[in-house]
Amino acid sequence: FNLGLTHNAVEVSEANYNANSSSPIANGFSIGYGESGYIVVNEAKTYYYVCTPHLPEMKAKIIAE
């Protein structure tokens, strides 16, 4: 991730992703406003994340196989 000053990335559950909620999941990843970083996935699953201030337009998922 290489985020601008007004963007963050917060991992959420599939239910919260579908409901456009930014409530984070326990032990999920979170990259703060304007930060750069990466995540290392250790499980084959779909990871859902949102940009808190830009919901519902700005959300995405990572599909790890």
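Residues numbered from 1 in each chain as written. Predicted model: local features only at pLDDT ≥ 70, side-chain atom pairs only at ≥ 80, totals over all residues. Heavy atoms only, no water.

Engineer: So what's going on with the nonpolar core? Residues and values would help.
Structural biologist: General note: in soluble globular proteins, nonpolar side chains tend to be found buried as a group. Grouped together as the largest cluster of nonpolar side chains are seven residues: Leu 3, Ala 9, Phe 29, Ile 31, Tyr 47, Tyr 49 and Ala 64. Once you skip the residues sitting within four places of it in the chain, Leu 3 turns out to touch Asn 8, Ala 9, Ile 31, Gly 32, Gly 34 and Glu 35. Core analysis: the next-biggest nonpolar cluster, separate from the first, contains six residues, Val 12, Tyr 17, Tyr 48 and Val 50 among them. (Core = buried A, V, L, I, M, F, W, Y, C linked by side-chain atoms within 4.5 Å. Buried < 20%, exposed > 50% of the residue type's maximum accessible area, 1.4 Å probe, protein only. Contact = heavy atoms within 4.5 Å.)

Engineer: Quick rundown of the sheet that holds strand S3 (residues 46–50)? Include the residues and the values.
Structural biologist: Strand order in the open sheet made by the four strands is S2-S1-S3-S4, with antiparallel pairing throughout. The open sheet has two free edges, formed respectively by strand S2 (30–31) and strand S4 (59–63), since each of these has just one partner strand. As judged from the five bridges shared by S3 and S4, these two strands associate in the antiparallel manner. Among the inter-strand pairings, Thr 46 is bridged to a residue of S4, identified as Ile 63. (Pairing = 2+ DSSP bridges. Helix = DSSP H or I, 4+ residues; strand = E, 2+ residues; numbered from the N terminus.)

Engineer: A description of the side chain of Asn 8 should follow, citing residues and the corresponding values.
Structural biologist: Examined against the element boundaries, Asn 8 turns out to sit in the segment before strand S1 (9–12). Within the structure, Asn 8 has its side chain in polar contact with the backbone nitrogen of Thr 52 (distance 2.8 Å). Non-local contacts of Asn 8, meaning those with residues more than four positions away in its chain, are made with Leu 3, Ile 31, Gly 32, Tyr 33, Val 50, Cys 51, Thr 52 and Pro 53. (Polar contact = N/O pair within 3.5 Å; in protein donor to acceptor, adjacent residues only side chain to side chain.)

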